[in-house]
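Residues per chain, in single letters:
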Amino acid sequence: MISKKGIEFSFAWIFAMIAGAVILFLAIYAATNFVKTERLSQDTLAGKQIGVILTPLENGIASSTYVPLKLSTETRLYSECDSTGSFGVQSIRIATASGIGKKWEEPGAPAEFYNKYLFSEGPAEGKNLFVMMMPLNMPFKIADLTLLWGERKDYCFVSPPKDIEDTIKKDSLFPIVENENECSEKSYSVCFEGQDCDVVVDLNAKSVKKNGKKVYYDNNLIYGAILADSGLYECQLKRLMKRASELSYVYLAKGQRLNAVGCTTNIENELGMLGNATFAYNSSQQLRQISMISEEIRRINDGAACKLF
Amino acid sequence: MGLHVNYSKGQMKIQQMAFVLVGVFIFFALVGLVYVSVRMAVLKGDSGDLKESDALENVRMIYSSPEFIWQAFDCEGCVDLDKAMVLKGRKIYSNFWGLDYLALKRIYPQGRDIECSEVNYPDCSTITIINKTTNVGAVYGAFVALCRWDESGRTRCEIGKVYSSGRGI
């Protein structure tokens, strides 16, 4: 005899199972999307927060500031630069690591700043990010440079000159060694005397060679050239020169105002030259010429009765 | 004589389930709507907080901005009034600091309480550099020293305040 016993599925059961499955699927889909949207909005807010945090670190004229940023979760900070427009734009985008879904999602919407200049290589990653603020004076203050690196990337300086050694030692930023072999394998070696390192600095030519690309620097820009991608460095320099050009015209107008009240500065021609040279700026190769004009302006200003800066 | 319809037991069950399903979907839709509105309110609040802290940090640090810094001698918290007067006329800076409002006001010594122009400067009290809208929200202020070269070729610093209001994300 064949047994005819079996589980009987009534219409109600089948209906309930199908409807339940659809509801469950929709609930899981909605929850996943909520988590994604939540991460995106939090990352977007974090980008703006980082920008706001950087503002009080900006200095006066001479000093530099070093600050470690301790974050609650592992974070990737993307620095993007656009040199178009009046001053160009610095975009900061943040991606935070998550235990739900993929560890790294796309970073949040960019937080845009017109008056910030971040120098970093690729995304700075880690639970601890390190920030160094340095003023750029050419000869008057142009901006505060923001040097940024993560705990995943380390730099090892091989026999740096005294001034650089002092800056690095002041805050124990990076290890300083006598020989490249003493650098750890994970770190980028930075040499100053033509050795075959990851980053080679030519102090005479004021150039930095990194990943096969050479860029030029002047005063504090050396740190930006060492730490940043060459593309990002050139873009930030274009933005800095746009600001320098505008500032030249501001000082030119101030000089004319002082002349009108009988306090001559005799610096107008050179300021006009600096304004034009920085306005026409295209690549870091032009820095040497701009540096010469700015030195001349510094010399005249030092001897002026009413100093412009 | 009323209309009389006979429903079978199965049909009744289908109707019941359809009602339950519609109810469940409406419930989830309402939960979703409440969640979205709460999240939007929280995001708006966070954005407002950031806007305020941005304005606050900007107003605290504006004296160190190259466009305002007094560099003739080392002076923490000193603003170059001559440069600020130049900036007043330069529209290019309207978006630069991400602010809706930025102004400098002389507090002491009190002079004529009027907006500065090329004609009355420096015999005036207020230099409004950015003023984008009539409804700028919370305005923050910080004390600064307003410095300039006077007619006798000497530095003259007066007590003033910088006011700013931030812009949201």
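Some words on empty space enclosed by the protein
In the structure shown here, the tally under the stated rule is four cavities of 30 Å³ or more. Each pocket or cavity is described by its volume, and for the largest cavity that value is around 120 Å³. Considering the residues around the largest cavity, the lining is formed by 13 residues, among which Glu 58, Asn 115 and Arg 243 of chain A together with Ser 65 and Trp 97 of chain B are closest to the centre. Here the residues of the lining of the largest cavity sort into five nonpolar, five polar and three charged. Volume-wise, the second largest cavity comes out at about 60 Å³. Forming the boundary of the second largest cavity are Leu 81, Leu 104, Lys 105, Arg 106, Cys 116, Tyr 121, Pro 122, Cys 124, Ser 125, Ile 127 and Leu 146 of chain B. When residues in the lining of the second largest cavity are grouped by element, the largest group, three residues, is from strand β2 (residues 99–108) of chain B. By residue class, the composition of the lining of the second largest cavity is eight nonpolar, one polar and two charged.

Concerning the confidence of the model for chain B
On average, residues of chain B carry a pLDDT of 86, and 94% of them reach 70 or more. Across the interface, the model reports ipTM at 0.81; the global pTM reads 0.86.

With respect to the pattern of salt bridges
For the coordinates displayed, the defined rule picks out 21 salt bridges over all chains. For Arg 93 of chain A, the salt bridge goes to Glu 80 of chain A, with nearest N and O atoms at 3.3 Å. With Arg 93 of chain A in strand β2 (residues 89–96) and Glu 80 of chain A in strand β1 (residues 65–82), this residue pair connects regions lying 13 residues apart in the sequence. Using a relative accessible area of 31% as the deciding quantity, one classes Glu 80 of chain A as partly exposed. Between Asp 218 of chain A and Lys 206 of chain A there is a salt bridge, with its nearest N and O atoms 3.0 Å apart. In this pair, Asp 218 of chain A is assigned in the loop between β12 (213–216) and α3 (221–227) and Lys 206 of chain A in the loop between β10 (199–202) and β11 (207–210), connecting sequence segments 12 residues apart. Its relative accessible area of 7% is what places Asp 218 of chain A among the buried residues. Under the relative-accessibility criterion, Lys 206 of chain A is labelled partly exposed at 32%. Shared partners join several salt bridges into a network, and the residues in it are Arg 106, Arg 148, Arg 156 and Glu 158 of chain B.

Structural notes on the interface of chain A and chain B
Of the residues lining the interface, 47 residues belong to chain A; the matching set on chain B comes to 45 residues. When chain A packs against chain B, close to 4,200 Å² is buried across both sides, 69% of that on carbon and sulfur atoms. Between the two partners, chain A and chain B, sit five salt bridges. Between Lys 254 of chain A and Asp 80 of chain B there is a salt bridge whose closest N-O contact spans 2.5 Å. Between chain A and chain B we count 11 residue pairs in polar contact (both at pLDDT 80 or more) in total.

Here's the deal with the packing of aromatic side chains
One pass over the structure, following the stated rule, counts 23 aromatic pairs over all chains. With a centroid separation of 5.7 Å and 70° between ring planes, the pair formed by Phe 27 of chain B and Phe 28 of chain B is classed as edge-to-face. Judged by relative accessible area, which is 51%, Phe 27 of chain B ranks as exposed. Overall, Phe 28 of chain B belongs to the partly exposed group, its relative accessible area being 41%. Members of the aromatic cluster, connected to one another through ring pairs, are Tyr 66, Phe 130, Trp 149, Tyr 155, Phe 157, Phe 174, Tyr 188 and Phe 192 of chain A. Sitting over the face of the ring of Tyr 188 of chain A, Lys 210 of chain A holds its NZ or CZ atom 5.8 Å from the ring centroid. Residue placement shows Lys 161 of chain B over the ring face of Phe 143 of chain B; its charged tip is 4.9 Å from the ring centre.

So, the sheet that holds strand β4 (residues 140–149) of chain B
Strands belonging to one sheet form pairs held by backbone hydrogen bonds; the direction of such a pair is parallel or antiparallel. Residues and elements named next belong to chain B. Read across the sheet, five strands follow the order β1-β4-β5-β2-β3 without closing on themselves; strand pairing throughout is mixed. Two strands close off the open sheet at either side, each with one partner strand: β1 (78–80) and β3 (126–131). Recorded for the sheet is a direction-independent mean angle of 30° between the axes of neighbouring strands. Two elements, β2 and β3, share five bridges in a ladder whose sense is antiparallel.

Describing the packing of helix α4 (residues 230–260) of chain A against helix α5 (residues 268–279) of chain A
Residue and element names in this part refer to chain A. In contact at an axis separation of 8 Å, α4 and α5 are set at 160° when each is read in the N-to-C sense. It follows that α4 is roughly antiparallel to α5 by the angle criterion. As for how α4 packs across α5, the hand of that crossing is left-handed. Residues Met 241, Ala 244, Ser 245, Ser 248, Tyr 249, Tyr 251, Leu 252, Gly 255, Gln 256 and Asn 259 of α4 lie in contact with α5, whose contacting residues are Glu 268, Leu 271, Gly 272, Leu 274, Gly 275, Asn 276, Thr 278 and Phe 279. Its residues placed into classes, the contact of α4 with α5 shows eight nonpolar, nine polar and one charged.

A short note on the nonpolar core
Counting 92 residues, the largest nonpolar core has Leu 221, Ile 226, Tyr 233 and Leu 240 of chain A together with Phe 68 and Trp 97 of chain B as its most contacted members. A per-element tally of this core places α4 of chain A first, with 11 residues. Once residues within four sequence positions are removed from consideration, Phe 68 of chain B is found in contact with Ile 62, Tyr 63, Cys 78, Val 79, Asp 80, Lys 83, Ala 84, Leu 87, Trp 97, Leu 102, Leu 104 and Ile 129 of chain B. Judged by nonpolar contacts, the second largest core, of 16 residues, contains Ala 111, Phe 113, Ala 124 and Leu 129 of chain A.

What counts, and at which threshold
- Residues numbered from 1 in each chain as written.
- Chains lettered and ligands numbered in written order.
- Predicted model: local features only at pLDDT ≥ 70, side-chain atom pairs only at ≥ 80, totals over all residues.
- Heavy atoms only, no water.
- 1 Å grid on protein atoms, 1.4 Å probe; cavity = no way out; pocket = protein on both sides within 12 Å on 5 of 7 lines; lining within 4 Å.
- Points joined across faces, edges and corners; volume = space filled by probe spheres on them.
- Nonpolar A, V, L, I, M, F, W, Y, C, P; charged D, E, K, R; others polar.
- Helix = DSSP H or I, 4+ residues; strand = E, 2+ residues; numbered from the N terminus.
- pLDDT = per-residue confidence, 0-100.
- Salt bridge = Lys/Arg side-chain N within 4 Å of Asp/Glu carboxyl O.
- Buried < 20%, exposed > 50% of the residue type's maximum accessible area, 1.4 Å probe, protein only.
- Contact = heavy atoms within 4.5 Å.
- Buried area = accessible area lost by both parts, 1.4 Å probe.
- Polar contact = N/O pair within 3.5 Å; in protein donor to acceptor, adjacent residues only side chain to side chain.
- Phe/Tyr/Trp six-rings, centres within 6.5 Å; stacked < 30°, edge-to-face > 60°.
- Lys NZ or Arg CZ within 6 Å of the ring centre and 35° of its normal.
- Pairing = 2+ DSSP bridges.
- Axes fitted to C-alpha atoms, helices over the stretch in contact; angles between N-to-C directions.
- Parallel < 35°, antiparallel > 145°, perpendicular 65-115°, else oblique.
- Left-handed = near helix turned anticlockwise from the far one by under 90°.
- Core = buried A, V, L, I, M, F, W, Y, C linked by side-chain atoms within 4.5 Å.

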